[in-house]
Amino acid sequence: MKSVIPGGIIAGLMFSGLWISGAEKKSGIPDLVPMPKQYNQTGGNFTVSKVPVFIAGRNRRGKVGAEELSRRIRELGGKPGKVMSVSDTRKPGIYLLTCTHPAAKELVKRLKLKITPENPGAQGYLIASTPKQVLVIGSDDAGTLYGAMTLRQMLESGEKGEVKIAAAEVRDWPDYKFRSNISFRRGISYWATREKNPEKAYKAAIDWMLRFKLNLINDYTHIHHDIQEIPKSRREFIRRMNAYAVERGIYPVMWFFTNVANTYVDRGKEFKNWDCVSALNGRHCFCWSRDDLAKKRIARSVDFCKELNFKILALHSVDGGGVKDPELWSKRCPECRKRWKDSERWKASVHQLNMWADAIKKRDPGLIFTFIPYLYAASLSDYETCSDKVDKATWRLNVIEYWDKLNKHLDPMCIPQTWMATPDKMKKFCDYFKGRPVVIFGHSIRVGGYFGTWHRFNKTDFRNNPKDMFFLQGGTDRYAKFLNMICDGEYAWNVNAPGSEEFTGLFYDITRDHISPKEIIDEWVPRACRAFYGKKLGEKFAPVYQAGVLNQYIMNPGLALRSANKYRRMPLADVDPLDKDRKGLGKRAAADVEDSLAMREAQVKAVAKAMTASEAAYKDVDTLDPYRRRNFMYYYKRLPFWYLTARARVALFKSAGLIREGDYSAATALLEKALDNYNVDYKHAMAVLAKTANEPGLNTRGPLSKRDIDPRPEEIKRLLKAQLASARISLKPRRPGKYVKVAIYRGYGEKGTLNFFKQFRNVKPELIKSLSLSLLDKFDCVIMLQNMSINNKDDYFFNLRRYVAEGGGGVLFQHDMCGYERFMFGKNTPFPEIVKCGKGKKNDAGVKIMKSHPVLSGLETGKKVKYMYYDHIVLVAGKQGEVLAVDKDGEPVVAVGKVGSGKVVFDGTVNLDTKKGDVDLHGLNAVLMRGAVEWFTGVKLIKK
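Bear in mind that the values here come from a model prediction, so they are computed numbers and not experimental data.

Analysis parameters
- Residues numbered from 1 in each chain as written.
- Predicted model: local features only at pLDDT ≥ 70, side-chain atom pairs only at ≥ 80, totals over all residues.
- Heavy atoms only, no water.
- Helix = DSSP H or I, 4+ residues; strand = E, 2+ residues; numbered from the N terminus.
- Rg over C-alpha atoms; globule rule 2.2 N^0.38 Å.
- Buried < 20%, exposed > 50% of the residue type's maximum accessible area, 1.4 Å probe, protein only.
- Contact = heavy atoms within 4.5 Å.
- Areas by Shrake-Rupley, 256 points an atom, 1.4 Å probe, with all protein chains shown as cover.
- Lys, Arg positive; Asp, Glu negative; His and termini not counted.
- Charge placed at Lys NZ, Arg CZ, Asp CG, Glu CD.
- Polar contact = N/O pair within 3.5 Å; in protein donor to acceptor, adjacent residues only side chain to side chain.
- Expected span 1.5 Å × (residues − 1).
- Bend = angle between axes of the 7 residues up to and from the residue.
- Pairing = 2+ DSSP bridges.
- Axes fitted to C-alpha atoms, helices over the stretch in contact; angles between N-to-C directions.
- Phe/Tyr/Trp six-rings, centres within 6.5 Å; stacked < 30°, edge-to-face > 60°.
- Lys NZ or Arg CZ within 6 Å of the ring centre and 35° of its normal.
- Salt bridge = Lys/Arg side-chain N within 4 Å of Asp/Glu carboxyl O.
- Core = buried A, V, L, I, M, F, W, Y, C linked by side-chain atoms within 4.5 Å.
- Parallel < 35°, antiparallel > 145°, perpendicular 65-115°, else oblique.
- Left-handed = near helix turned anticlockwise from the far one by under 90°.
- Nonpolar A, V, L, I, M, F, W, Y, C, P; charged D, E, K, R; others polar.

Describing the overall build of the chain
Phase 1: When you go through the chain residue by residue, the secondary structure sums to 25 helices and 31 strands.
Phase 2: Against the compact-globule benchmark of 30 Å for 944 residues, the chain has a radius of gyration of 31 Å, which places it among compact chains.
Phase 3: Over its C-alpha atoms, taken along the principal directions, the chain stretches across nearly 100 × 75 × 50 Å.
Phase 4: Looking at the 944 residues of the chain, the share that counts as buried comes to 63%.
Phase 5: Put simply, of all contacts in the chain between residues at least 6 apart along the chain, 75% involve residues at least 24 apart.
Phase 6: Total accessible area on the chain is roughly 36,800 Å²; 50% of this is exposed by carbon and sulfur atoms.
Phase 7: One finds the centroid of the 158 positive side-chain charges in the chain at a distance of 3 Å from the centroid of its 105 negative side-chain charges.

Here it is, written out as structure tokens:
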């Protein structure tokens, strides 16, 4: 690297009283996060204890930087020097200045340094030294502050209470000037849980953002709620916290929808009978033509941002409809239809967005305005991405022409947002919005583990436009995400940081993104852990993040893999959140990941590694402040429970294979050992909870709350015991007793289904969450409602088949469970001879009866019957499958068949009401439930 300090100055350092010879003790490279673009250690150490800090007297950010340095010096056991206004630039000390300040100009000229407002540019800085001085000079105020944060990270404990830095030349600047969009609601604000002084906790979180140079914050109010609901005290709190953030170069972001009214707070007949587009169960009222309502809401929203110190306003359009019907435009009201033709949605959007822009310019001109143009995925710039859903003319009108016309007619201040896309598709998107900066939004993904490396893709759409922003929302796990945020900041600050990659279409890969690349896992993670948790504890704690723990997969394998495979099957799976099919758009990105013994065993090792590391680090937990300590405790308290579950999951998977192969003695021995392991693991986990009972966590509920550790330990024990009983069971055809025992596997419509069967006096229904043979054998039949979680593949394909064929039971499969492609096990069923799979989904409301059958008791051939939900799965019948009902196109919706001693029914509908949700069954669904149970058992159900 070319030196930023002229020759001769370094040589003079050894004669300064502030200099310690590098020959005495050579320092390693400090833990700098993000790592500066140019860093060159020059040898030797520079003592900073009791050294004055000079700033421009009225520069508040300079004061913040000096305060941070002083705080860190005290933390390291040293005594900071005084903070003073700069006067004589020849005095020894630390200088924090912006290059345009007269004193900085004098230093730059005398020392022949190269820095201007343009070079290295916005938020850029250099760090240099003279024999008696350490200089931090920024291209602007933010750069000076960031330089001070780098210097803060360079501080280390020396001998006899001294604090030092390893002398180095630093020149640095960020690629994305706006980066990360941290949501405290999903992470840092939990530091304030149960705090007597939440303001102190929030400020601590903002301080840590500054130290890692993260400068976008999205917090305080939920996008779906209306600002009118926020009480005065809460508004004042937000105002203070935002002011504190802004002072530190952080931009608070406020999100709004384009709705003109909100029935949370807007009352009256007009809103109860809304005739235009609505969302969120009718709570958000959208309309493009009600300017009176729109202008009031816009003015209220912009004034809110100004009053509370928000610096970016992000506006979300109506979300839904996809390429065919973006923003549900076809459902707009008569006044909107009168004002704009079907092909003129762009005009309505321009009118709407320009009203926001006009209000911002008049009421809060410094506010940055970014909007989401529906459709918002840059990948849709390629027709092939969505050609399976719409014709080319519709795509061109609703995507390409819409973007192009928006750009031509929108106020220049409007900045469009889009999802990350491959470079070729992003280039097209930016061409349609030529002349404007863009906001790149990382995908909102549901991930399998708590730390991931998708941040490496941040380089993909970088254009070196200083007004571009990078919003990352990757990962939906609420708690303990700070290291993810820091990693995102690293790769937004330097898009070419080691390990960076181009995005090629698969944003999240559960098989890779928690264990590679090595540049992040092996090199960056330890550095970041030392920087965040402190050198001593961080070094020990790093394996917690390096181990590749998939805690979501451990706790719920079916749901985790379903979510992971969703993006592999359809990269734009969430482009239309109102698409209940969740199929999305785009070509398959990768083959499905299947649950396996190897994958489960790897997680046992991973959690063991992380748990061992956390236990070693626990000895140094008193080195943490209260807020980082909570972050530490999140893992320390939960890892034992994840380990307990991971070990049990392996035993369940392995024993299921042994039972399938008929090796019952081996399965029994394995499960007995697993129960012994469970007792040991449970004892350890509870001891950890007891030891940390007084340690505040990131939530008020604690690990054993319903929404945290799920399944709970006792449920895991029940699964092991049920599997052990299954290894000893001998199935034989059954006869119902006094009561027909109906098992309802928990899922969509469970409440309505349970209540339906409770109306019969000779039925005993029960909700279940296991498919062990020993449990199944207690019931006469099973209703497999659509769900997102099954413990083991063998439970579904082997246990259910044995239960039917050998045990004479009956099973009814609903909706996705009929082998639809988004089902966790893909396009397969346990009874392919009856129904092979579900080949697609159709939106409709009824079926035609093809033949009379006990399952459809009372329904005559040719009769048309409505079902509860708005859609159904189309079945592919097997050779032995008997089709009972078809849709309007003559394709199967209900099919039945006999297998061995038992019977099965495949029902393409779902026990949910389109409008009311999980309610009492009616229509075809009620007939099917009763008829199936009577056919399975030969017993007529008697109403109470």
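So, next bit.
Structural notes on the side chain of Ser726
Phase 1: Relative to the elements of secondary structure, Ser726 occurs in helix 21 (residues 713-727).
Phase 2: The exposure class of Ser726 is buried, given its relative accessible area of 1%.
Phase 3: At 3.0 Å, the side chain of Ser726 forms a polar contact with the backbone nitrogen of Leu773.
Phase 4: At 2.8 Å, the side chain of Ser726 forms a polar contact with the backbone nitrogen of Ser774.
Phase 5: Not counting chain neighbours up to four residues away, the residues in contact with Ser726 comprise Ile659, Ser772, Leu773 and Ser774.

Examining helix 14 (residues 518-533)
Phase 1: In a regular helix each residue adds 1.5 Å, so 16 residues correspond to 22 Å; helix 14 covers 21 Å between its end C-alpha atoms and thus fits that length.
Phase 2: Remark: the principal bend of helix 14, roughly 45°, maps to Trp524, with a proline, Pro526, within the next four residues.
Phase 3: On its buried face, helix 14 sits against helix 5 (198-211), helix 13 (482-493), helix 15 (535-546) and helix 19 (626-660).
Phase 4: Looking at the residues trailing helix 14, positive phi occurs at Gly534, about 100°.

Thoughts on unusual backbone geometry
Phase 1: Looking along the chain, the bond that leaves Asn119 and enters Pro120 is cis, with omega of 10°.
Phase 2: Within the secondary structure, Pro120 is located in the loop between helix 3 (102-111) and strand 6 (125-130).
Phase 3: Phi at Asn309 takes a positive value of approximately 70°, unusual for a residue other than glycine.
Phase 4: Inspection of the secondary structure puts Asn309 in the loop between helix 8 (291-307) and strand 16 (312-316).
Phase 5: The class of Asn309 is buried, set by a relative accessible area of 18%.

Considerations on the sheet that holds strand 27 (residues 864-866)
Within a sheet, each strand pairs with its neighbour through backbone hydrogen bonds, oriented either parallel or antiparallel.
Phase 1: Read across the open sheet, the nine strands follow the order 22-21-23-24-31-30-29-26-27; overall the sheet is mixed. Of all strands in the sheet, those bounded by a partner on one side alone are strand 22 (763-768) and strand 27. Each strand of the sheet is rotated relative to its neighbour by a mean of 20°, with strand direction disregarded.
Phase 2: Relative to strand 24 (residues 810-814), strand 23 (residues 781-784) runs parallel, the two sharing four bridges. Each residue of the ladder has a partner; that of Cys781, found in strand 24, is Gly810.
Phase 3: With respect to the sheet, helix 22 (residues 750-758) is in contact with strand 21 (740-745), strand 22 and strand 23, its orientation differing from that of strand 22 by roughly 160°.
Phase 4: Those strands touched by helix 25 (residues 924-937) are strand 21, strand 23, strand 24, strand 26 (846-849), strand 27, strand 30 (892-899) and strand 31 (902-907), and its axis lies near 170° from that of strand 31.

Things to note about the packing of aromatic side chains
Phase 1: Within the structure shown, the criterion is met by 58 aromatic pairs.
Phase 2: Taking the ring centre of Tyr244 as reference, the NZ or CZ of Arg248 above it sits at 3.5 Å.
Phase 3: Lys764 extends its terminal NZ or CZ atom over the ring of Tyr739, reaching a point 4.5 Å from the ring centre.

Some thoughts on the sheet that holds strand 11 (residues 216-218)
Phase 1: If you trace the eight strands from one edge of the open sheet to the other, you get 10-20-19-18-17-16-12-11, paired in parallel fashion. Edge positions in the sheet fall to strand 10 (178-180) and strand 11, since each has one partner strand and no second. Put simply, the sheet's adjacent strands are angled 25° from each other on average, direction ignored.
Phase 2: Here helix 13 sits on the sheet and contacts strand 10 and strand 20 (469-471); the angle it forms with strand 10, its principal contact strand, is near 145°.

A closer look at the pattern of salt bridges
Phase 1: Under the counting rule described, the total for this entry stands at 65 salt bridges.
Phase 2: The closest approach of N and O atoms between Arg629 and Glu695, which form a salt bridge, is 2.7 Å. A residue pair is termed long-range when its members are at least 10 positions apart, and Arg629 in helix 19 and Glu695 in the loop between helix 20 (664-691) and helix 21 qualify at 66 residues. Both residues of the pair, Arg629 and Glu695, belong to the buried class.
Phase 3: Where Arg802 meets Glu806, a salt bridge forms, and the shortest distance between an N and an O atom there is 3.0 Å.
Phase 4: Glu806 sits in the partly exposed class, given a relative accessible area of 34%.

Some words on the nonpolar core
Phase 1: Judged by nonpolar contacts, the single largest core of 107 residues is most densely connected at Phe256, Trp288, Leu313, Phe369 and Phe371.
Phase 2: Tallying contributions element by element places helix 10 (residues 345-363) first for this core, with nine residues.
Phase 3: Counting residues in each nonpolar core, the second largest holds 63 residues, with Val544, Ala617, Tyr618 and Val688 among its members.

Quick notes on the environment of Glu502
Phase 1: Relative to the elements of secondary structure, Glu502 occurs in the loop between helix 13 and helix 14.
Phase 2: Between the alpha carbons of Glu502 and Asp461 there is a distance of 8.6 Å; along the sequence they are 41 residues apart.
Phase 3: With near-sequence residues (within four places) excluded, Glu502 lies in contact with Pro423, Phe457, Lys459 and Thr460.

Regarding the packing of helix 19 against helix 21
Phase 1: With their axes 10 Å apart at the nearest point, helix 19 and helix 21 run at an angle of 15° to one another. Considering the angle they form, helix 19 stands roughly parallel to helix 21. Pair helix 19 / helix 21 crosses with left-handed handedness. Residue-level inspection shows Phe641, Leu644, Thr645, Ala648, Arg649, Ala651, Leu652, Ser655, Ala656 and Ile659 of helix 19 in contact with helix 21, the latter providing Pro713, Ile716, Leu719, Leu720, Gln723, Ser726 and Ala727.
Phase 2: Grouping the amino acids of the contact of helix 19 with helix 21 by side-chain chemistry returns 12 nonpolar, four polar and one charged.

So far we have only geometry, and geometry alone does not tell us how the molecule works.
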